[in-house]
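Examination of the molecular architecture
Residues per chain, in single letters:
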Amino acid sequence: SQQGEEDPQALSIQEGENATMNCSYKTSINNLQWYRQNSGRGLVHLILIRSNEREKHSGRLRVTLDTSKKSSSLLITASRAADTASYFCATDGLSGGSNYKLTFGKGTLLTVNP
Amino acid sequence: DAGVTQSPTHLIKTRGQHVTLRCSPISGHKSVSWYQQVLGQGPQFIFQYYEKEERGRGNFPDRFSARQFPNYSSELNVNALLLGDSALYLCASSLHPDSSYEQYFGPGTRLTVT
């Protein structure tokens, strides 16, 4: 079953605009990760945020985590056409000691128009 | 260094047949995980192996099996294929099985069952 749910399912913006994607999850976590996938190929790791962190930056990416609301957001600033991809959040699980597997959401399809 | 490699890239099989998918992790990585990604969904965890031992198993039937070899490469086997097994199969490697370690994904094997 899917733990995380991304919102929106699809997002279309113009180059240069910012893109914000949200992720909600159900159970307690150790950390949350964001991945990018181009055209049904392999996933590329973008950023990992631990449960005791509230915000993290990496280049044009900014991730926030609110464990009280069980939600995270990914902000891509100054988007480029090359950012067009599907974006997934993935969580591990504190319950049952299952900190070895990632549970992915259904993803947000981002289209950046030139 | 080469990334995670998977073979074959594409595969077409008939219902009831058996399939073997292969994965070579990044040099030095001892943990390999397998995920199934059905079109329009996020990846779902199938197995994780670390140091040739199964560390975790997702909610998949016994038709799915895997193993890891002394060189840390891995095979995923699926018996008695069903139409619903059509998916992108992703392999990921990491230094350690703990989910706080970044997982590096391969390009995937696209399996079509007819």
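Here the structure is shown first, and the text comes after it.
Our subject in this report is the structure included herewith. These figures come from a predicted structure and were not determined experimentally. (Residues numbered from 1 in each chain as written. Chains lettered and ligands numbered in written order. Predicted model: local features only at pLDDT ≥ 70, side-chain atom pairs only at ≥ 80, totals over all residues. Heavy atoms only, no water.)

Some words on the overall build of chain A
Put simply, the rule is: Where helices and strands are cited, they refer to DSSP runs of H or I of at least four residues and of E of at least two residues respectively, numbered from the N terminus. Computation of the radius of gyration draws on C-alpha atoms alone. For the globule rule, the value is 2.2 Å times the number of residues to the power 0.38. A simple rule labels every residue: compare its accessible area, found with a 1.4 Å probe on the protein chains alone, to the largest value its type can have, and call it buried under 20%, exposed over 50%, or partly exposed in between. Per-residue and other accessible areas follow the Shrake-Rupley method at a 1.4 Å probe size, with only the shown protein chains counted as cover for residues. Positive residues here are Lys and Arg, negative ones are Asp and Glu, while His and the chain termini are left out of the count. Lys charges are placed at NZ, Arg charges at CZ, Asp charges at CG and Glu charges at CD.
Helix and strand counts for chain A stand at zero helices and eleven strands. The secondary structure elements of chain A, listed N-terminal to C-terminal, are β-β-β-β-β-β-β-β-β-β-β. Relative to a compact globule of 114 residues, whose C-alpha radius of gyration would be 13 Å, chain A shows 14 Å and is just as compact. Counting all 114 residues of chain A, 47% fall into the buried class. Element-wise, carbon and sulfur atoms account for 45% of the exposed surface of chain A, whose accessible area totals about 5,200 Å². If you average the places of the 13 positive and of the 10 negative side-chain charges in chain A, the two averages end up 5 Å apart.

Description of the state of the cysteines
Residue and element names in this part refer to chain A. Selection criterion: Throughout, disulfides are identified as pairs of cysteine sulfur atoms within 2.5 Å of each other.
Taken as a whole and judged by the stated rule, the model has two disulfides over all chains. One disulfide bridge connects Cys23 with Cys89, the sulfur atoms lying 2.0 Å from each other. Between Cys23 and Cys89, the S-S dihedral sits near 65 degrees, and the bridge is therefore right-handed. Taken as a pair, Cys23 in strand β3 (residues 19-24) and Cys89 in strand β9 (residues 85-91) lie far apart in primary sequence, 66 residues in all. Each member of the pair Cys23 and Cys89 is classed as buried.

Description of the environment of Leu11(A)
Residue and element names in this part refer to chain A. We apply this condition: Contacts between residues were defined by any pair of non-hydrogen atoms, one from each residue, lying within 4.5 Å.
Along the chain, Leu11 falls in strand β2 (residues 10-14). Note: C-alpha distance between Leu11 and Met21 (ten residues apart in sequence) is 8.5 Å. When near neighbours in sequence (up to four residues on either side) are disregarded, Leu11 contacts Ala19, Thr20, Thr108, Leu109, Leu110 and Thr111.

Quick word on the sheet that holds strand β3 (residues 19-24) of chain B
Residue and element names in this part refer to chain B. Put simply, the test is: What makes two strands pair is DSSP finding at least two bridges between them. The angle between two axes is taken between their N-to-C directions and runs from 0 to 180 degrees, where each axis is a line fitted to C-alpha atoms and a helix contributes only its stretch in contact.
Taking strand neighbours across the sheet as the criterion, the four strands line up as β1-β3-β8-β7 in an open arrangement whose pairing is antiparallel. Across the chains shown, the open sheet's two edge strands, defined by having one partner strand only, are β1 (5-7) and β7 (64-68). Geometrically, the sheet is characterised by an average inter-axis angle of 15 degrees between neighbouring strands, direction not taken into account.

Points about the interface of chain B and chain A
Reports often express the size of an interface as the amount of accessible area lost when the parts come together. For the record, the criterion: Put simply, buried area is how much 1.4 Å-probe accessible surface two parts lose in total, over both of them, once they are put together. By definition, a salt bridge exists where a carboxyl oxygen of Asp or Glu is found within 4 Å of a side-chain nitrogen of Lys or Arg.
With 25 residues of chain B at the interface, the matching set in chain A holds 22 residues. Across the interface of chain B and chain A, roughly 1,900 Å² is buried in total on both sides, 47% from carbon and sulfur atoms. Of all residues in chain B, the largest losses of buried area upon contact with chain A belong to Pro43(B), Ser99(B) and Phe105(B), amounting jointly to 25% of the total for that side. Across the chain B-chain A interface, the total number found is zero salt bridges.

Some words on the sheet that holds strand β8 (residues 71-76) of chain A
Residues and elements named next belong to chain A. Pairing is antiparallel in the open sheet, where five strands are placed in the order β1-β3-β8-β7-β6. A strand with exactly one partner marks an edge of an open sheet, and here the two such strands are β1 (5-7) and β6 (55-58). This sheet shows a mean twist of 20 degrees between the axes of neighbouring strands, independent of strand direction. In the sheet, strand β7 (residues 61-66) pairs with β8 via six bridges, with the strands oriented antiparallel. Of the residues in β8, the one forming a bridge with Leu61 is Ile76.

Some words on the environment of Pro8(B)
Residue and element names in this part refer to chain B. As for its position among the elements, Pro8 is in the loop between β1 and β2 (10-13). Overall, the relative accessible area of 27% leaves Pro8 in the partly exposed class. Distance in space between the C-alpha atoms of Pro8 and Gly108 is 8.5 Å, their sequence separation being 100 residues. Discounting chain neighbours no more than four positions away, the residues touching Pro8 are Thr20, Leu21, Gly108 and Thr109.

Here's the deal with the pattern of salt bridges
Residue and element names in this part refer to chain B. Applying the stated criterion across every chain yields a total of eight salt bridges over all chains. A salt bridge links Arg67 to Glu75; the nearest nitrogen and oxygen atoms lie 3.3 Å apart. Connected through salt bridges with shared partners, the residues Arg22, Arg67 and Glu75 form a single ionic network.

Quick notes on unusual backbone geometry
Looking along the chain, the bond that leaves Asp7(A) and enters Pro8(A) is cis, with omega of 0 degrees. At the junction of Ser7(B) and Pro8(B), the peptide bond is cis and its omega measures out at -10 degrees in the coordinates. Residues other than glycine seldom take positive phi values, yet Glu51(B) does so here, at roughly 50 degrees. Mapping Glu51(B) onto the fold places it in the loop between β5 (44-50) and β6 (53-57). Phi angles above zero are rare outside glycine, and Lys52(B) is one such case at about 70 degrees. Assignment of secondary structure puts Lys52(B) in the loop between β5 and β6.

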